[in-house]
Every structure is written in C-alpha cells, then in structure tokens.
Amino acid sequence: MEDFWFYTKMGLDHVLDLSAYDHILFLAALAIPFTFKSWKKVLVLASIFTFTHCLSLALSTFDIIVVDVNFIEFLIPVTIFLTAIFNLIYVKTDIHHKSILLHAVATACFGLIHGFGFSNYFKMLMAEEEDKVTPLLGFALGIELSQLIIVIAVLVLAWILQNRFKLKQSIYIIIASIVVLLITIPMLVNTFPF
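Residues numbered from 1 in each chain as written. Predicted model: local features only at pLDDT ≥ 70, side-chain atom pairs only at ≥ 80, totals over all residues. Heavy atoms only, no water.

So, on to the nonpolar core. Side chains of a nonpolar character, in soluble globular proteins, are inclined to be buried together. Among the nonpolar cores identified, the biggest contains 48 residues, and F26, L27, I80, F122, F139, Y172 and V180 are the most heavily contacted of them. At the level of elements, α1 (2-16), α2 (22-31), α3 (39-61), α4 (69-89), α5 (101-126), α6 (133-164) and α7 (169-191) are the ones that each hand at least two residues to this core. Per-element tally for this core: the top contributor is α6, with nine residues. In contact with I80, other than residues within four places in its own chain, are D22, L25, F26, A29, V180, T184 and M187. (Core = buried A, V, L, I, M, F, W, Y, C linked by side-chain atoms within 4.5 Å. Buried < 20%, exposed > 50% of the residue type's maximum accessible area, 1.4 Å probe, protein only. Helix = DSSP H or I, 4+ residues; strand = E, 2+ residues; numbered from the N terminus. Contact = heavy atoms within 4.5 Å.)

In structure tokens form, the structure reads like this:
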C-alpha cells in the first residue's frame, strides 16, 4: 500500500509541476469553454484524459507500444495548440447544451500522446518493480486528483471573471485561449523535430 501512495503522490506532482506545465496548460485549455453549469462534462473529459494517459503509460511500461519520444515531445504542445484553436472556433457554441463527443475523441487521443510523453521516465521507475499494476493505479489516482484541482481552479477563475467582473463568456474564452496559444508557440518552436 505504501507503493500505491508513493505513486499517487508522483501522479499529483507530475501534473502540478510548474516547471513542466504542459499538463496544466492542456487542462486549462480543455476547461476554458466550461462553467460550473457544465462541470459534469469537463469532469468526464478530464477522466477520459486520465484514462488514456494511463493507458499509454501501461502500453509503454509493458513494452506493447514503443514511440519516438522526440516526436511525442513535439506533439504535446500541438495538442495544447489545437485545443485552444478548437475553443476559438467554437466560441459561439453553447457548450452546456451540445454533445461533447468531438471533445471526448480529441481528448482521448491527446491523453494517449501526453501519456507517451511521460512513459520513458515512468518505465525506468518501473524497471525494478515486480508489480506494475499497483503503481499504475496509484499514479492514475494522483493524475485524476491533480486534474480535478486544475479544472476547479479554471472554473473558479471563469466564475470570478464572468460573474464578479461581468466579462462575457465568449470574451473570456477568446482571451484565455489566446493566452494559451501565446504560451504554447515557444513550446512548439523548441520541440520542433526537424
């Protein structure tokens, strides 16, 4: 059980690490179009991201799929960039009454990419472990908890800006998505593999 909590803390630290802010940025971009009225939808998306992130970790840990880390490191900011662009394209869509199927499919694919980005480090940690399932489950719990923290923080920020400062939701989505894009562009340039 001690290993489980060790890996849970590692999952928390992995996502909440400010020096490796790609997860925070992706989750912020994912949550930007949502409000507390649609908290269930964003929770579903965060859970899909956790599941697929951990699935790619498991596939890598058990040597089922091996990927080029340099290419994955480039794809991670691409997922953030595309999520912010998606927000801008669909800024006028009422997310509260629409299906999130397209969001869910994209989030699942992006979760796989983000998981493969961390897989080499996680695989090295798992090299000496006989039981690989318990650490994976602990890590998944840590990721899910940290993602909830980020999503709630973004929803609180949206609530403050939209309800206290009377910023229209569409303006908030545009500004927040542009900020994400501006932060992501240097990441894209620095990780460009060619």
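It is worth spelling out the layout of surface pockets at this point. Volume-wise, the largest pocket comes out at about 330 Å³. In this structure, the largest pocket is lined by 16 residues; those nearest its centre are A20, Y21, D22, E73 and I76. Among the elements of the structure, α1, α2, α4, α5 and α7 are those that each provide at least two residues to the lining of the largest pocket. Class assignment of the residues belonging to the lining of the largest pocket gives a composition of six nonpolar, six polar and four charged. (1 Å grid on protein atoms, 1.4 Å probe; cavity = no way out; pocket = protein on both sides within 12 Å on 5 of 7 lines; lining within 4 Å. Points joined across faces, edges and corners; volume = space filled by probe spheres on them. Nonpolar A, V, L, I, M, F, W, Y, C, P; charged D, E, K, R; others polar.)

Now for the packing of aromatic side chains. A complete count under the given rule lists 11 aromatic pairs for this structure. Judged by centre distance (4.5 Å) and plane angle (40 degrees), the rings of F86 and Y90 are tilted. A residue is classified by how much of its surface remains accessible, and Y90, at 39% relative accessible area, is partly exposed. Relative to F139, the ring of F118 has its centre 5.3 Å away and its plane inclined at 5 degrees; by these criteria the two rings are stacked. With F118 in helix α5 and F139 in helix α6, the pair connects residues that are 21 residues apart, well separated along the chain. (Phe/Tyr/Trp six-rings, centres within 6.5 Å; stacked < 30°, edge-to-face > 60°.)

Taken together, the side chains of Y21, I171, I174, I175, I178, V179, L182, I183, I185 and V189 define a hydrophobic patch exposed on the protein surface, amounting to about 820 Å² of accessible area. Its location among the elements puts I178 in helix α7. For I178, a relative accessible area of 38% translates into the label partly exposed. (Patch = residues over 30% accessible without salt bridge, like charges linked within 9 Å, V, L, I, M, F, W, Y side chains within 5 Å. Areas by Shrake-Rupley, 256 points an atom, 1.4 Å probe, with all protein chains shown as cover. Salt bridge = Lys/Arg side-chain N within 4 Å of Asp/Glu carboxyl O.)

In low-pLDDT regions, the fine details of the predicted coordinates are not to be read closely. Taken as a whole, the protein shows an average pLDDT of 92; of its residues, 98% reach a score of 70 or greater. The spread of mean pLDDT over the elements of the protein runs between α5, the lowest at 90, and α7, the highest at 97. (pLDDT = per-residue confidence, 0-100.)

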